[in-house]
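# A closer look at the structure
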Amino acid sequence: MKKHVTRYIYSLCSLLLLLGIANPAWSLVVGEQYTISIEKINSDGSLTSGATSLGISTTATADNSGKLAFTFSSGVPDNTSCNFMVITLTNSSAAVVRKSVIPCPDPGTALPMGVSGVTNQQADALIMAFASASSDDPILAVFNFTVVRSTGIQANELAAMANFVYKGIVGPGGFVADMKSKGVTAAQLLTYRHKIVSLLADPTTGYSKLIKDSVDVSSINNPDLAAAQRGKAAAELLGYLVQAATAAGFSPDRVMEAFDAMGSIVIPSMTTAKAAGTISAATFQSIQASVGSGIDKLKADRAIDKYTQALATLGATGADVTMYTTAANTLSTSMSTAFEQFNKVFTGSETQSGVSAAQTTMNTAMSTAFAAFITATAASDARIATMITKICTAISGGAGCVPASRFKYIQNGGTSANWPIMMVIPTDWLSGIKTAGGSLSYTRDTVNIPSSMTWMGSCSNSGYTDKSSCQASGGGTGTWTPGRTTFGTGTGGQNIPSPYSELFSIQEDIIIRESARFAAQISAGQSMGAQNTLEKAFSDAMTTIASKISGTTDGTTAITTAQKKALVKLLKSPQF
């Protein structure tokens, strides 16, 4: 009977329980006696063994259902003494038949986990990576779990992959060095790494739990079930790196930028290894697809988190929040599903063309999910009407004092759509400020406008706000002056009252920065180092724009830094 091994480790009560689950490739022999042992990875990356062995082991015999059950008399380590453990299962001939590197759990916390062919491969790569790094770095573990996705990866490839990841994380200019260069302290990194271990070991949402779920659903008749569940686990891996940053007290943006720094080292190394035949074309493709798509999903998750926080900061409630949350949850679920489907390509005999085709399918699914999110967050005509009513009340204008057409934008396909709810909320917030006697001021940004933005400027005839209409006015006598739009009063101004003129000014300055960023991204091409630099510059630019905002919410209470940043965030275009 062919079985997987599933288990829970209870550090509190020193109990280890293994349950066999059917799987066609990794079998336990019914009636066979197995030895199960635990060792831990030391802080220098070495594995306890021999004279340093923990001495934690026991034996059990696979029953007629292919299951093992046993307990340990001594305590299982927790993360007060280690970051990772290695669980090894050997048969009566002392041959290793199961192996897995698992996170050390929080004290007193259960650790569900499962072992499969993929965890064997991950363990081999990770043990080599820890030894090379002379460290038990959790960041190293996360990336190794991410890139090793198939049982078909050969031993020489695992060694090469371990080296890629090691250099990309701890090498000069790599992941950790980049974060340090941007102000992340040694103390924060210590907290950061500890939090990563806790997240990996979380008994509900951790990677170990999700891998156990993949083992639980594995089936001889439907191996796709386990593959899909492993894809779900892989979809969460890089997210732990972002979540841990918040707990450590620094911006998750530093993590997002560090991905590019790591890529600037890893991608050239991978390309060289592929050319030399050190790694196969299929393995090369699988690493690119797994990490690249993982980062794309992470960008979406990060954007959703930022929008959610910003909406709360500006007081969004009720149906608006429900609308946004529903759309965001659907997007997240759809992207996770895309990962699950992609992971089915890793059968152990996958080819480059097969991985490439699966990646294309995944990317298409993610793009479709993003488009659906944009549609789902577009405000209804009734919601736009409510927003206009609040504006008219704030400026003491008559009903319908501003046309609804002002609150539309052109989508990528060229069609017109209502403002998204993420822009309606800050507009309502400004109406509340105005009604309460407050005000908002903004000093325009000064960065050069990209040459591609020829449509931006003002008309000598204030009755026209776009270039083509301006130049066609009065028999073609209108004069169009390129530059930032004057939304308030002044020469060529649109005479939009404050604080709404400031709202449009902030939005336009953000669009200018986004356009400059997009042009820079194209120029940077495949240079991950250049991409890293421009992402940091864009993040700093958004902070600068927020700092140019001032005012009060009621004539007395100053607008907070958090409110300024929330306003800028909600006016940014979604960058998923």
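Residues numbered from 1 in each chain as written. Predicted model: local features only at pLDDT ≥ 70, side-chain atom pairs only at ≥ 80, totals over all residues. Heavy atoms only, no water.

### Notes on the overall build of the protein
For the record, the criterion: Numbered from the N terminus, helices here are DSSP runs of H or I no shorter than four residues, and strands are runs of E no shorter than two. Throughout this description, buried means an accessible area under 20% of the type-specific maximum (1.4 Å probe, protein chains only), exposed means over 50%, and partly exposed covers the range between. We call two residues contacting when some pair of their heavy atoms lies within 4.5 Å. Here the open area of atoms and residues is found with the Shrake-Rupley method and a 1.4 Å probe, where only the protein chains shown may cover a residue.
Each helix and strand in the protein was counted, giving 17 helices and 13 strands. Looking at the protein residue by residue over its 576 residues, the buried ones come to 52%. Taking the intrachain contacts of the protein between residues at least 6 apart in sequence as the baseline, contacts between residues at least 24 apart amount to 69%. Accessible surface computed for the protein: about 23,400 Å², of which carbon and sulfur atoms make up 53%.

### Here we look at the pairing of strand β3 (residues 33-40)
Worth spelling out the cut-off: Here, strands pair whenever DSSP counts at least two bridges between them.
Across six bridges, the pairing between β3 and strand β4 (residues 56-61) is antiparallel. Paired with I36 across the two strands is T58, which belongs to β4. As defined by bridge partners, β3 adjoins strand β5 (residues 84-90) across six bridges and the pair is classed as antiparallel. Within β5, the position partnered with T35 by the bridge is T90.

### Comments concerning the environment of F145
If you trace the backbone, F145 turns up in helix α2 (residues 138-147). In this structure, the C-alpha to C-alpha distance between F145 and Y207, residues 62 residues apart in sequence, is 9.3 Å.

### So, the confidence of the model for the protein
For clarity, the cut-off: Looking at any residue, its pLDDT shows the predictor's confidence there, from 0 to 100.
Summary statistics for the protein give a mean pLDDT of 84 and a share of 88% for residues scoring 70 or more. When pLDDT is averaged over each element of the protein, strand β13 (residues 549-552) comes out on top at 97 and strand β2 (residues 15-22) at the bottom at 38. The low-confidence segment residues 1-26 (pLDDT under 50) makes 125 contacts with residues lying over four places distant or belonging to another chain.

### Points about the packing of aromatic side chains
As a reminder, the rule being used: The aromatic pairing rule takes the rings of Phe, Tyr and Trp, using the six-membered ring of Trp, and pairs them if the centres are within 6.5 Å, calling planes under 30 degrees apart stacked, those over 60 edge-to-face and the rest tilted. Geometrically, a lysine NZ or arginine CZ counts as sitting over a ring once it is within 6 Å of the ring centre and also within 35 degrees of the ring normal.
Tallied over the entire structure, the rule returns eleven aromatic pairs. Here W419 and F504 contribute two aromatic rings whose centre-to-centre distance is 6.0 Å and whose plane-to-plane angle is 55°, an arrangement assigned as tilted. Placement of the pair is W419 in the loop between β9 (416-418) and α13 (421-435) and F504 in helix α15 (residues 500-524), with a sequence separation of 85 residues. The exposure class of F504 is buried, given its relative accessible area of 9%. Cluster of aromatic residues (ring-pair linked, three or more members): F407, W419, F487 and F504. The side chain of K274 reaches across the aromatic face of F284, ending 4.6 Å from its centre.

### What about helix α3 (residues 155-170)?
Put simply, the rule is: Here a helix's expected span is defined as the number of its residues, less one, multiplied by 1.5 Å.
Taking 1.5 Å of rise per residue, the 16 residues of α3 would be expected to cover 22 Å, and the 23 Å separating its terminal C-alpha atoms lies within 8% of that figure. What α3 keeps buried is the set E157, L158, A160, M161, A162, F164, V165, G168 and I169. Packing partners of the buried residues in α3 comprise α1 (117-133), α2, α4 (175-181), α8 (252-276) and α9 (281-313).

### Thoughts on the packing of α2 against α3
Quick reminder of the rule: For helices, the fitted line uses only the C-alpha atoms of the stretch in contact; every axis is such a line through C-alpha atoms, and the angle between N-to-C directions lies from 0 to 180 degrees. When an angle is under 35 degrees it counts as roughly parallel; over 145 it counts as roughly antiparallel; between 65 and 115 it counts as roughly perpendicular; any other value is oblique. Here is the rule for handedness: rotate from the far helix to the near one, and if that takes an anticlockwise turn smaller than a right angle the crossing is left-handed, while a clockwise turn gives right-handed. Each residue gets one label: Ala, Val, Leu, Ile, Met, Phe, Trp, Tyr, Cys and Pro are nonpolar, Asp, Glu, Lys and Arg are charged, and the others, such as Gly, are polar.
At a minimum axis separation of 10 Å, α2 and α3 run at an interaxial angle of 140°. Between α2 and α3, the angle is such that the two are oblique. You can see that α2 and α3 cross each other, and the crossing is right-handed. On α3, the residues touching I139, L140, F143, N144 and V147 of α2 are M161, A162, V165, Y166 and I169. Considered class by class, the residues forming the contact of α2 with α3 number nine nonpolar, one polar and no charged.

### Quick look at the sheet that holds β4
Spatial strand order, β4-β3-β5-β6: four strands in an open sheet with antiparallel pairing. The outermost strands of the open sheet, each flanked by one partner alone, are β4 and β6 (96-103). Adjacent strand axes in the sheet meet at a mean angle of 20°, parallel and antiparallel pairs treated alike. Sitting on the sheet, α1 is in contact with β5 and β6, with an inclination near 60° to β6.

### So, the side chain of S290
Tracing the backbone through its elements, the reader meets S290 in helix α9. The buried category is assigned to S290, whose relative accessible area is 1%. When near neighbours in sequence (up to four residues on either side) are disregarded, S290 contacts T146, R149, F339, F342 and F346.

### Digging into the pattern of salt bridges
Put simply, the rule is: Any Lys or Arg side-chain nitrogen located within 4 Å of an Asp or Glu carboxyl oxygen qualifies as a salt bridge.
Within the structure shown, the criterion is met by 17 salt bridges. Here D137 and R193 are joined by a salt bridge, their closest N and O atoms 2.9 Å apart. Here the residue D137 occupies a position in the loop between α1 and α2, and R193 occupies one in helix α5 (residues 186-201), the gap between them amounting to 56 residues. Residue classification places D137 among the buried residues on the basis of a relative accessible area of 3%. According to the relative accessible area criterion, R193 is partly exposed, its value standing at 22%. Here E535 and R517 are joined by a salt bridge, their closest N and O atoms 2.7 Å apart. Residue E535 is located in helix α16 (residues 528-547), and its partner R517 is located in helix α15; the two are separated by 18 residues in the primary sequence. Taken together, the salt bridges that share partners define one network made up of D178, K182, R254 and E257.

### Focus on α8
Note the cut-off: The reported bend at a residue is simply the angle between two axes, fitted to the 7 residues ending at it and to the 7 residues beginning with it.
Look at α8: 36 Å from first C-alpha to last across 25 residues, which is about the 36 Å you get at 1.5 Å a residue. Of all the bends found along α8, the most pronounced is centred on G263 and spans about 35°. Positive phi appears at G277, one or two residues downstream of α8, with a value of about 85°.

### Here's the deal with the environment of L89
When you line up the elements, L89 lands in strand β5. Judged by relative accessible area, which is 1%, L89 ranks as buried. Taking the C-alpha atoms as reference points, L89 and K99, ten residues apart in sequence, are found 6.3 Å from one another.

### A word on the state of the cysteines
Condition: The term disulfide is used for any two cysteine sulfur atoms that are within 2.5 Å.
What the rule picks out here adds up to two disulfides. Through a disulfide, C82 is tied to C104; the S-S separation comes to 2.1 Å. Where C82 bonds to C104 through sulfur, the torsion about that S-S bond is close to -115°, and the disulfide is left-handed. You can see C82 sitting in the loop between β4 and β5 and its partner C104 sitting in the loop between β6 and β7 (110-115), a full 22 residues away along the chain. Neither residue differs from the other here; C82 and C104 are each classed as buried. There is a disulfide in this structure between C392 and C401, and the S-S distance comes to 2.2 Å. A torsion of -105° about the S-S bond marks the disulfide between C392 and C401 as left-handed. The exposure class of C401 is partly exposed, given its relative accessible area of 32%.

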